[in-house]
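Single-letter residue listing:
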Amino acid sequence: MLYSILLLLSLSLSILKVEAGISPQDRQSVLTIHNRFRKAHNTPELKWDNALAQRASQFTDTCQFNRKITTSLQNINALDNAAQGYGHWNQTIQAWYSGHKDYNFKSPGYTDDAGTFITMIWKDSAQMGCSSKSCSGGNLYSCIYSPSIPIHLLFNAAEYKSNVLLKGQ
């Protein structure tokens with residue numbers, strides 16, 4: 001009887017170690033790296049959201065990189081970043097952030113080349129959830145941020161000026 005209880009407890013703990021496609025260690029690492037970049041742009045820290053992580057897991061579980069996520073969770077608009085083929089989270093997040101080189105702070109607005117950077121740094125975003133999965137094309141990574149860029153503000157330069165801040169601003 002005691003052996004059965006211990007086995008059940010052990011199985012339960014191993015299931016909890018990876019929740020929504022991300023381990024607690026990776027979750028902390030992802031938050032730390034994101035918040036380090038956000039701090040450099042004077043944007044508030046992101047908090048982890050399990051519902052967003054579960055949604056990201058639904059995407060990564062498909063192993064279909066070209067299928068993008070746009071979703072609404074409880075009327076909260078959310079937008080994602082996805083990447084495939086990187087060896088670990090640090091490389092992935094660095095690649096997303098590298099879009100800052102293509103962002104024109106003097107003429108704020110959305111560009112595809114800076115899209116992952118914009119999504120990461122968007123000042124009004126407060127929560128995120130991420131997931132990863134080993135797929136045949138390489139590791140698939142996804143993070144979902146909420147609230148995200150409201151679609152009706154996509155071309156509103158003033159909104160970008162107040163949400164995508166220059167380093168140290």
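Residues numbered from 1 in each chain as written. Predicted model: local features only at pLDDT ≥ 70, side-chain atom pairs only at ≥ 80, totals over all residues. Heavy atoms only, no water.

Some details on the confidence of the model for the chain
For clarity, the cut-off: Confidence per residue, as judged by the predictor, is encoded in pLDDT with a range of 0 to 100. Helix and strand assignments follow DSSP, with helices taken as H or I runs no shorter than four residues and strands as E runs no shorter than two, numbered in order from the N terminus. Here a residue-residue contact requires only that any non-hydrogen atoms of the pair lie within 4.5 Å.
Here the chain shows a mean pLDDT of 82. Residues at 70 or above account for 77%. Looking at the elements of the chain, mean pLDDT is at its lowest for helix 1 (residues 2-17), recorded as 38, and at its highest for strand 1 (residues 47-48), recorded as 98. Segment residues 70-76: pLDDT under 50, and 12 contacts once partners within four positions in sequence are set aside and those in other chains are kept.

Describing the state of the cysteines
So the rule is basically this: In plain terms, two cysteine sulfur atoms within 2.5 Å form what is called a disulfide here. Under the scheme applied here, a residue whose accessible area is under 20% of the maximum for its type counts as buried, over 50% as exposed, and between as partly exposed, the area being computed with a 1.4 Å probe on protein chains only.
All told, the structure shown has two disulfides when counted by the stated rule. Covalent S-S linkage joins Cys63 and Cys135, the inter-sulfur distance amounting to 2.1 Å. Classification of the bridge connecting Cys63 and Cys135 rests on its S-S torsion, roughly -80 degrees, and on that basis the disulfide is left-handed. Here Cys135 lies in strand 4 (residues 127-135) and Cys63 lies in the loop between helix 3 (50-60) and strand 2 (70-73), a separation of 72 residues in the sequence. The class of Cys135 is buried, set by a relative accessible area of 11%. What pairs with Cys130 in a disulfide is Cys143, and their sulfur atoms sit 2.1 Å apart. Residues Cys130 and Cys143 are joined through a disulfide that is right-handed, its torsion about the S-S bond being 110 degrees.

Notes on the nonpolar core
Put simply, the rule reads: Side-chain atoms within 4.5 Å are what join buried Ala, Val, Leu, Ile, Met, Phe, Trp, Tyr and Cys residues into a set we call a nonpolar core.
Ranked by size, the top nonpolar core spans 28 residues in total, and within it Val30, Trp89, Ile118 and Met128 carry the most contacts. When residues of this core are traced back to their parent elements, those giving at least two are helix 2 (24-40), helix 4 (89-97), helix 5 (115-121), strand 4 and strand 5 (138-146). For Trp89, the residues in contact, after removing those within four places along its chain, are Ile22, Asp26, Val30, Trp96, Cys130, Ser131, Ser132, Tyr141, Ser142 and Cys143.

Notes on the pairing of strand 4
Note the following rule: Criterion used throughout: strands pair if DSSP finds at least two bridges between them.
The sheet contact formed by strand 1 and strand 4 spans two bridges and is parallel. Pairing of Trp48 across the sheet is with Met128, part of strand 4. Sheet topology note: the strand 4/strand 5 ladder contains nine bridges and is antiparallel. In the strand pairing of strand 5, Gly129 is matched with Ile144. The hairpin formed by strand 4 and strand 5 contains two residues between the paired strands.

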